[in-house]
Amino acid sequence: MSLDSKVPKGELANKWTDYKSKVPLVAPNNKRRIDVIVVGSGLAGGAAAATMGELGYNVKCFCFQDSPRRAHSIAAQGGINAAKNYQNDGDSVYRLFYDTIKGGDYRSRESNVHRLAEVSANIIDQCVAQGVPFARDYGGLLANRSFGGVQVSRTFYARGQTGQQLLLGAYSALSRQIHKKTVTMYNRHEMLDVVIVDGKARGIITRNLITGEIESHAAHAVVLATGGYGNVFFLSTNAMGSNVTAAWKAHRRGAYFANPCFTQIHPTCIPVSGEYQSKLTLMSESLRNDGRVWVPKRKEDRLKNPLEIKEEDRDYYLERIYPAFGNLVPRDVASRAAKYMTDQGKSVIEHGNAVYLDFASAIERLGEDTVRERYSNLFDMYERITDENPYKVPMKIFPAVHYTMGGLWVDYELNTSVPGLFAVGEANFSDHGANRLGASALMQGLADGYFVLPVTIGSFLSKEIRTPKISNDLPEFKQAEKAVKERLNKLISIQGNRSVDSFHMELGKIMWDNCGMARNEKGLKSAITKIQKLREEFWKDVYIPGKLNELNPELEKAGRVADFLELGELMCQDALDRNESCGGHFREEYRTPEGEAARDDENYTYVAAWEYNTNNVSAPKLHKENLVFDNVELKTRSYK
């Protein structure tokens, strides 16, 4: 089945402008009669709820944290891209579009990516007006720095706290609408199901995480802004609460899940330190502007004090292999290169894997004060965690799971395959293809929330102005409530012998070993079998202390791990089905003679959108959206 992406006709550069000129509108007096639910209050969700509230819709916004300020968006450190060309170095909307398409290894939809590039400049103006303290140069103008996969400086930043500062801006806009009563905020609520009425999304079922109460909330449309699913690997740079539950419940209700195997491994993370570690810490990609990545040339030097290893005995392998981009190659390329070096026996730590990220050259060139001004909070965080001073000793880094390019399939209007159910930000698949360029996550979240969804949702809501207020007394709500309660009761009544975390850790190891930085047919088939057995054991032997109707974090976790156990299998199935290498999806059987990813454009230039099989989770149905490239030439990526 071919999917209808609803991409407007016409020239690429005019599609978004033409669409906005012709999209059906909802008059102000009618907006007041329409209810919209937004699940998630990070950058995408907070921006969407605030903007739609300001437009006049009645918005209910939900988050499972105690405040929207706790959203995982705060963890994005390095910056946000925008095609403003402040550095006069040749940047443009088209160049940002092209870099994003190329960086995603030609597996994303041209129209969505170009729209993102167009909207990017507006985001910066919006955030400056909100008071976001972007870094400025000596003359007072907004500063920019470079990120991986590009040859221009287009990344705006607020030291190493860009995500946090942008979220404070979105939170201030959201708080204003809460005060004006256009937005009602529900903290400490987790969405556990989507309610479908006559084929349209009309509400959600939530659990109050303080009291345990199951609640029904109705609306004319539902927007999911619930982030990515990287925690399926257990160890990742994501907040420990990040999960797939909202998106997976939508998937089980008919929303297609697209490209689930497209997960991103970030090259600059603090290495795993022990068996019982619960999460990993990201060192911003911005550090690769001035830091140089290397390993010793000789294996016997790998555990030496790095300060004692002479310059001629160091292998600055990214600069050697990719001279045009050097240390600023895209994340998937840098990650695979680090893995290759440690596979050759050149890891610089005794137990585990790591390479060096060295700032000695930058300190000598710029002075320690300048380096401290740019990166001090990141350096301080590294020293607190590792007890090593990165101004004096090179950082030790290694790739770790970071971002998910896959997500719910959406059309040009950000509507999933379920009418009235929208997905924004990292929750959808739409903009990054098989690999995301650094500093583009914040760009997409705010673009979708502030500028895209508030326009495109009108196409659906304009047909709903005669629809009366949706009642949560409808049979569909009662049935969904009943199903949620039965699942929770089943979970807590198992009373087995294994903790929730033990299952999650085992799943994470299966996923990392077989569907992580490299995949192959044998490993993926083995992983699917292992996950099926682990899922069966979970539903027989998991132990959840506490009760249903109270604060119970272990019950929350159990529900999320149950969903990860289904998602993990789909990810392996998707990776097994895609017989090519592209971006973050590296199948060992498909590589160039130089060891780079080898795409198969003849057979796999499509989005893989999977439909949930309610009768058999192991037999999802594949739908394909063929990707058409009219404005860029399909060719092998080269950063050499």
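Because the structure is a prediction, the values reported are computed rather than measured.

Asker: Just checking my understanding: could you explain the side chain of N435 for this structure?
Answerer: Assignment of secondary structure puts N435 in the loop between strand 17 (421-423) and helix 12 (441-461). A relative accessible area of 1% means that N435 is categorised as buried. Polar contacts involving the side chain of N435 include one to the main-chain carbonyl oxygen of G103, which spans 3.1 Å. Each residue touching N435, except ones within four places of it in the same chain, is listed here: G103, G104, Q264, P330, R331, D332, M405, G583, G584 and R637.

Asker: I keep staring at the pattern of salt bridges and nothing clicks. Help me out?
Answerer: Any two side chains of opposite charge can pair, on the condition that their charged atoms come close. Applying the stated criterion across every chain yields a total of 52 salt bridges. Linking E536 and K540 is a salt bridge whose minimum nitrogen-to-oxygen distance equals 3.2 Å. Of the two residues, E536 and K540 are both situated in helix 15 (residues 521-541); the distance of four residues between them amounts to about one turn of the helix. Under the relative-accessibility criterion, E536 is labelled partly exposed at 47%. Classification of K540 as exposed rests on a relative accessible area of 59%. The network of salt bridges with shared partners includes D105, R107, D332, R336, R578, E580, R599, D601 and R637.

Asker: When you look at the nonpolar core in this model, what are you seeing that I'm missing?
Answerer: Where a protein is soluble and globular, its nonpolar side chains tend to be buried together. Ranked by size, the top nonpolar core spans 152 residues in total, and within it M52 and I80 carry the most contacts. Tallying contributions element by element places helix 16 (residues 553-577) first for this core, with twelve residues. Grouped together as the second largest cluster of nonpolar side chains are 30 residues, F325, Y375, L378 and I397 included.

Asker: Sorry, what's going on with the sheet that holds strand 5 (residues 183-186) here?
Answerer: In a beta sheet, neighbouring strands are held together by backbone hydrogen bonds and run either parallel or antiparallel to one another. One open sheet holds the five strands; their spatial order is 5-2-1-9-17, and the pairing between them is parallel. This sheet does not close on itself; its edge strands, each paired only once, are strand 5 and strand 17. Direction aside, neighbouring strands of the sheet carry axes that sit 20° apart on average. Pairing of strand 1 (residues 35-39) with strand 2 (residues 58-62), which is carried by five bridges, proceeds in the parallel orientation. Along strand 2, the bridge assignment pairs V36 with V59.

So, how was this worked out
Residues numbered from 1 in each chain as written. Predicted model: local features only at pLDDT ≥ 70, side-chain atom pairs only at ≥ 80, totals over all residues. Heavy atoms only, no water. Helix = DSSP H or I, 4+ residues; strand = E, 2+ residues; numbered from the N terminus. Buried < 20%, exposed > 50% of the residue type's maximum accessible area, 1.4 Å probe, protein only. Polar contact = N/O pair within 3.5 Å; in protein donor to acceptor, adjacent residues only side chain to side chain. Contact = heavy atoms within 4.5 Å. Salt bridge = Lys/Arg side-chain N within 4 Å of Asp/Glu carboxyl O. Core = buried A, V, L, I, M, F, W, Y, C linked by side-chain atoms within 4.5 Å. Pairing = 2+ DSSP bridges. Axes fitted to C-alpha atoms, helices over the stretch in contact; angles between N-to-C directions.

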